[in-house]
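Structure assessment
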Amino acid sequence: MIKNNNVEGPRWLLRILLITSLLMLGLAILGGIYNYTAVPYWDMWNGTLDFLLKLQRGEYAVWWGQHNEHRILLSRVIFWLDSAFFGDASIFSELVNYIFVFGSAVFFVFYLRALSRDRQLPKTWERIFSLLLFSWIFLWSQADNFYQAFQSQFVLAQLLPLMSFYFFAKSVDESREKYFWYAMVCACLALGTMANGVLALPLLFVFSLFSMKSVKYCSIVLLFAVLGIVAYFYDYHSPSGSGTSLSLLLTHKQKLLLYVLTYLGSPFYYLFLGAMPAAIFSGAVFILLFVLVVLRVLKDTQRHPYMLALVFFVIYILLTALATGTGRLMLGVEQALESRYTTPVLMAWAAMALSLGRVVTWPDWFFPTGLSIGIVLLVLLMLLLQFKALRSANRTSFIRSHAALALAMGVKDDDMILNLFPDPAYPRLLLPGIERGGISIFSREPLASMRSNIGRSASITANRLCIGAVDHVYQMRDEPDYLRFDGWIFSLADQRVPDRITVLNQQGFIVGYAEIGLARDDVKAKYGAAALYSGFGGYVRKSLMTRSLTAIGSNPECKLVM
């Protein structure tokens, strides 16, 4: 609660927040562009590509089937749309991630307006807080949930309960039945996001009891909560190796508490440049603040419905943190700091900030001067972190493209394929079906025909010479018939780096391929900025090698005698 709620916010602060919000959004988008790759990564193999293959085989039950402990129905709809209408390039899936994060920011602004309506918060302050919420929700700490195409369910699992509690509060506030049903739809949809989504309906039922809803509406919520739990756990099987035994949890209660505190403070780990104590301390502060908010809400005889909505949303995140800790404790406390986990925590802190603004009476010395200084310091920390989105992801992207090349050529380079999936045999197992089914980049040129082209006569020629060199040649542990090689190539005449390399032997047969695009600062220093991404890596088949080989670059066409 702000004592001097008639004091207008400083215009200079509003301008700072406007610039900050634009920067936070713009840098997050640029970070997504820099980190983009169409190469399937990690959960996309068993969660996206395997799902699409089963769907092609008519296994429609896979829509509601488990992915680990989750039922990711809504994300599967997105994956199917991406494959059916957007060319399997993952661009649509990543764009949806941003849209959902944007939706989270919008709903927090809705909460802010609902909470400040009866307090007559000046428009300038309302705009300042709205822009601050928007900036916070787009913090780069959650980078994985921006640019990894598989992560939509991680945002939806928090957004849908947030929406559900908001609409339920609105149904109480305005006594309009349609908002009750909006809340029910959102809570039901949350079942199809992640395992924690199953909590939305039970919490909505408790919310309805606190809101003094009629027996009719409480009964409806209870019925749906029971049906939702039954639907989720019907034919459910606990994934092997995904949980921690009860005896281990009882033995390591302090470690579990440390995990939860670290989880709740994870954004501040990133804001304070990887300081673990900052995460633990912030997590403890979060718990104390939440206790304060709950005590104030329970003390209030006329409980504001939107305050209750925020309290239940924070409870939802706290239960999520506890459930995550019980399932992941065996991986270590540091695992709580993973980037994808900061999305729910960022939203929890936003909810906490709104709650504190409502229930705490701030002293005159804090408002507006102290508050303005605090906001500026937070903005500086956020921007310092957000500019990390501009860090080059070139090496990671190149390694994944190189691993995709190994799969496309049928080269058993497990050390490289491990960069795409923890079990290298699994992508190789899926690949024939992927190619036949016409999904993913592996069913499209140039990757689709690489394996069959090895040993065939090439129809490509190049008269112009490239400059370059082969730096290293490796014998792979489990691949007797291929060699891995790397180096660099550059067309001096065109001042360009070719797109890809096809390797020919002296008879003109194709013996290998290489991906180009690794940053080479040494080549750039000698030949200029145009030669920066001239590094390549690829494979040649030993049984087809001759005394000399020729690398043919495409776009521009040029040749390099190896």
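In what follows, the structure referred to is the one given above.
The sections below set out a description of the structure shown in this document. Starting afresh in each chain, residues are numbered from 1 along the sequence in its written order. Since the coordinates come from a predicted model, pLDDT governs what is reported: local features require at least 70, and pairs of side-chain atoms require 80 or more to be given and counted, while whole-chain, interface and lining totals use all residues. Excluded from the side-chain calculation are hydrogens and water; included are all heavy atoms of the structure.

Examining the packing of helix 4 (residues 91-116) against helix 16 (residues 342-359)
Put simply, the test is: Angles here are taken between N-to-C directions and fall from 0 to 180 degrees, while the axes themselves are lines fitted to C-alpha atoms, restricted in helices to the stretch in contact. The secondary structure listing takes helices from DSSP runs of H or I that are at least 4 residues long and strands from runs of E that are at least 2 residues long, numbered from the N terminus. Working definition: roughly parallel below 35 degrees, roughly antiparallel above 145 degrees, roughly perpendicular at 65 to 115 degrees, and oblique for all remaining angles. Contacts are residue-level and defined by heavy atoms, with any inter-residue pair within 4.5 Å sufficient. Polar here means any residue other than Ala, Val, Leu, Ile, Met, Phe, Trp, Tyr, Cys and Pro, which are nonpolar, and Asp, Glu, Lys and Arg, which are charged; Gly is therefore polar.
Running from N to C, helix 4 and helix 16 point in directions that differ by 10°, and their axes come no closer than 10 Å. As summarised for this structure, helix 4 and helix 16 are arranged roughly parallel, according to the angle between their axes. In this structure, helix 4 contributes Ser 104, Phe 108, Tyr 111, Leu 112 and Leu 115 to the contact, and helix 16 contributes Met 347, Ala 350, Ala 351, Leu 354 and Arg 358. Its residues placed into classes, the contact of helix 4 with helix 16 shows eight nonpolar, one polar and one charged.

Some details on the pairing of strand 4 (residues 510-518)
Worth spelling out the cut-off: Accessible area is worked out with a 1.4 Å probe on protein chains only. A residue is then buried under 20% of its type maximum, exposed over 50%, and partly exposed in between. Following DSSP output, two strands are said to pair if at least two bridges run between them.
In terms of residue burial, strand 4 counts as a mostly covered element, since nine of its nine residues are buried. As judged from the five bridges shared by strand 3 (residues 500-504) and strand 4, these two strands associate in the antiparallel manner. Looking at strand 4, one finds that Thr 502 is bridged to Tyr 513. Looking at chain direction, strand 4 and strand 5 (residues 535-541) are connected through six bridges and run antiparallel. Across the sheet, Ala 514 pairs through a bridge with Gly 538, a residue of strand 5.

A short note on empty space enclosed by the protein
Stated precisely, the cut-off is as follows: Buriedness for pockets is judged along seven lines, at least five of which must meet protein on both sides within 12 Å for an open set on the 1 Å grid over protein atoms alone, while cavities are sets there where a 1.4 Å probe fits but cannot get out, and lining residues have an atom within 4 Å of a point. Grid points are joined across faces, edges and corners, and a volume is the space filled by probe spheres set on the points.
Tallied over the entire structure, the rule returns one cavity of 30 Å³ or more. In this structure, the largest cavity encloses a volume near 120 Å³. What lines the largest cavity is a set of 15 residues, and nearest its centre among them are Met 44, Thr 48, Leu 49, Asp 88 and Ser 90. Those elements giving two or more residues to the lining of the largest cavity turn out to be helix 2 (43-56) and helix 3 (73-85). By residue number, the principal contributor to the lining of the largest cavity is helix 2, which donates four residues. Looking at the lining of the largest cavity, its residues break down into eight nonpolar, five polar and two charged.

Let's talk about the pattern of salt bridges
Condition: The salt bridge criterion pairs a side-chain nitrogen of Lys or Arg with a carboxyl oxygen of Asp or Glu, the two atoms within 4 Å.
Under the counting rule described, the total for this entry stands at 20 salt bridges. Across the salt bridge formed by Glu 174 and Lys 170, the nearest N and O atoms sit 2.8 Å from each other. On the criterion of helical spacing, the pair formed by Glu 174 and Lys 170 is a turn pair, its members being four residues apart in helix 7 (residues 152-174). Since its relative accessible area comes to 30%, Glu 174 is described here as partly exposed. The partner of Arg 451 in a salt bridge is Glu 435, with the nearest N and O atoms 3.8 Å apart. With Arg 451 in helix 21 (residues 450-453) and Glu 435 in helix 20 (residues 425-437), this residue pair connects regions lying 16 residues apart in the sequence. By relative accessible area, which is 39% here, Arg 451 ends up partly exposed. Residues participating in the shared-partner salt-bridge network are Arg 113, Lys 123 and Glu 126.

A word on helix 5 (residues 123-137)
Using the following cut-off: Take the residue count of a helix, subtract one, and multiply by 1.5 Å to get its expected span.
The end-to-end C-alpha separation of helix 5 is 21 Å, in line with the 21 Å expected for 15 residues at 1.5 Å each. Burial of helix 5 is extensive: 13 of the 15 residues sit out of reach of the surface.

Quick word on the layout of surface pockets
In this structure, the second largest pocket spans a volume of roughly 1200 Å³. Residue lining of the second largest pocket: 35 residues in total, with Leu 132, Ala 353, Leu 354, Leu 356 and Leu 371 positioned closest to the centre. When residues of the lining of the second largest pocket are traced back to their parent elements, those giving at least two are helix 4, helix 5, helix 14 (276-299), helix 16 and helix 17 (366-386). Partitioning the lining of the second largest pocket into residue classes produces 28 nonpolar, five polar and two charged.

Describing the state of the cysteines
The following threshold applies: Note that a disulfide, as used here, is simply two cysteine sulfur atoms within 2.5 Å.
Scanning the model with the defined rule gives one disulfide in all. There is no disulfide at Cys 186, and the cysteine sulfur nearest it, in Cys 188, is 9.4 Å away. Look at Cys 186 and you get buried, because its relative accessible area is 6%.

Some points on the environment of Leu 223
You can see Leu 223 is positioned in helix 10 (residues 215-233). Residues Leu 223 and Ala 183 lie 40 residues apart in sequence; the distance between their C-alpha atoms is 14 Å.

Quick look at the packing of aromatic side chains
In plain terms, the rule: Two aromatic rings, drawn from Phe, Tyr or Trp (for Trp, its six-membered ring), form a pair once their centres lie within 6.5 Å of each other, and the interplanar angle then sorts them: stacked below 30 degrees, edge-to-face above 60, tilted otherwise. The criterion for a charge sitting over a ring is simple: Lys NZ or Arg CZ within 6 Å of the ring centre, and within 35 degrees of the ring normal.
A full pass over the atoms with the stated rule returns 47 aromatic pairs. When the centroid spacing of 5.2 Å and the interplanar angle of 70° are considered together, the rings of Tyr 232 and Phe 233 count as edge-to-face. Of the residues examined, Phe 233 reaches a relative accessible area of 40% and is grouped as partly exposed. When the ring of Phe 490 is compared with that of Tyr 527, the centres are 6.4 Å apart and the planes differ by 40°; the resulting orientation is tilted. Within this pair, whereas Phe 490 is found in strand 2 (residues 482-490), its partner Tyr 527 is found in helix 22 (residues 521-527), the two being separated by 37 residues in sequence. For Tyr 527, a relative accessible area of 25% gives the class partly exposed. Among the aromatic residues, those joined into a cluster by ring pairs are Phe 107, Phe 108, Phe 110, Tyr 111, Tyr 166, Phe 167, Tyr 179, Tyr 182, Tyr 306, Phe 313 and Tyr 316. Over the ring of Tyr 232 we find Arg 71; its NZ or CZ atom is 5.4 Å from the centre of that ring. Note that Lys 170 overlies the ring of Tyr 179, its terminal NZ or CZ placed 5.2 Å from the centroid.

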